[in-house]
Amino acid sequence: MGCPAKKQKRGELSVALTREHAAKEACTAPAAETLALFLNRASKSLNLFLARLACGCLLAMVLLTVANAVLRAYRTPFAGTTEVVGWLTALTTAFGLGYTQVTRGYVEIDSLVRRLPAPLQKGTRCAVLLACAVFGALVSFKLGAYALTVCRNGNLSETLQLPFYPLIFLLALGFAALALALLADFLKECLEGRARPS
C-alpha cells in the first residue's frame with residue numbers, strides 16, 4: 001500500500017501542472033489566434049488588390065492584342081506587342097496566385113489524404129501548407145535578388161530596349177502574396193479544432 005500523503009502530493013502536483021499548462025495555453029492561444037486573424041486579413045486585402053491589378057493586366061493584354069491586329073490591317077503594327085503581352089501575362093499569373101489560394105480557386109486532389117486518420121490528415125495538410133509557403137517565399141526572395149542583379153547590370157528588353165527589372169520585382173511581390181496566403185492558411189489549419197480558452 002502506498003502512503004496517502006504521497007498520493008495526495010502527487011495529485012496536487014498533477015493538478016498544479018495541469019493548471020500551469022492551461023495557463024500557458026490561455027496566454028499563447030489568443031496571441032496565436034490574433035496573429036492568424038491579422039495574417040488572414042492582410043492576405044485577403046493584399047491578394048484582392050493584386051487580383052484587381054491582374055484583371056487590369058488581362059484587359060490591357062486583350063486591348064493591346066486587338067489594337068495590334070487592327071493596326072496590322074491598316075498600317076505598321078506596334079513593334080513591341082509580343083514583349084508587352086508576355087510581360088502582362090507574367091503579371092496576370094503572378095498577381096492571381098495568392099487570390100486563387102485565398103478563394104480556393106484551385107483543384108485539390110486529396111483522394112489519398114482523405115483515407116488517412118483525422119489527425120494524420122490535419123498533419124499532412126499543415127505540412128503541405130508550410131512547405132508551399134516556404135517555397136513561395138524562396139521564389140519571391142530569389143526573384144527579388146535576380147531583379148537587383150538585372151538592375152545593377154543595366155539589362156534591357158530585346159525589342160523595346162526598356163529596363164525590365166521593375167517587372168521582376170512585381171513578380172516577386174506576387175509570389176510573396178502567395179506565401180502570405182499559404183502562411184495564413186497554415187496557421188488557420190493548425191489552430192482549427194484547438195480548444196478555446198474560457
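Residues numbered from 1 in each chain as written. Predicted model: local features only at pLDDT ≥ 70, side-chain atom pairs only at ≥ 80, totals over all residues. Heavy atoms only, no water.

**Overview of a nonpolar patch on the surface**
Here comes step 1: Together, Leu58, Val62, Val66, Val70 and Tyr74 make up an exposed nonpolar region whose accessible area comes to about 530 Å².
Here comes step 2: If you trace the backbone, Val62 turns up in helix α1 (residues 4–74).
Here comes step 3: Residue classification places Val62 among the partly exposed positions, given a relative accessible area of 46%. (Patch = residues over 30% accessible without salt bridge, like charges linked within 9 Å, V, L, I, M, F, W, Y side chains within 5 Å. Areas by Shrake-Rupley, 256 points an atom, 1.4 Å probe, with all protein chains shown as cover. Salt bridge = Lys/Arg side-chain N within 4 Å of Asp/Glu carboxyl O. Helix = DSSP H or I, 4+ residues; strand = E, 2+ residues; numbered from the N terminus. Buried < 20%, exposed > 50% of the residue type's maximum accessible area, 1.4 Å probe, protein only.)

**Re the environment of Arg125**
Here comes step 1: Inspection of the secondary structure assignment puts Arg125 in helix α3 (residues 118–153).
Here comes step 2: Taking the C-alpha atoms as reference points, Arg125 and Asp185, 60 residues apart in sequence, are found 9.7 Å from one another.
Here comes step 3: Within polar-contact distance, the side chain of Arg125 engages the side chain of Glu189 at 2.9 Å. (Polar contact = N/O pair within 3.5 Å; in protein donor to acceptor, adjacent residues only side chain to side chain.)

**With respect to the nonpolar core**
Here comes step 1: The biggest cluster of nonpolar side chains holds 21 residues, and the ones touching the most others in it are Leu88, Leu91, Phe95, Leu143, Ile168 and Leu171.
Here comes step 2: It is helix α2 (residues 81–102) that contributes the most residues to this core, six residues altogether.
Here comes step 3: Among residues more than four places away in sequence, those in contact with Leu143 are Ile168, Leu171, Ala172 and Phe175.
Here comes step 4: Among the nonpolar cores identified, the runner-up in size contains 11 residues, and Ala36, Leu39, Ala133 and Ala184 belong to it. (Core = buried A, V, L, I, M, F, W, Y, C linked by side-chain atoms within 4.5 Å. Contact = heavy atoms within 4.5 Å.)

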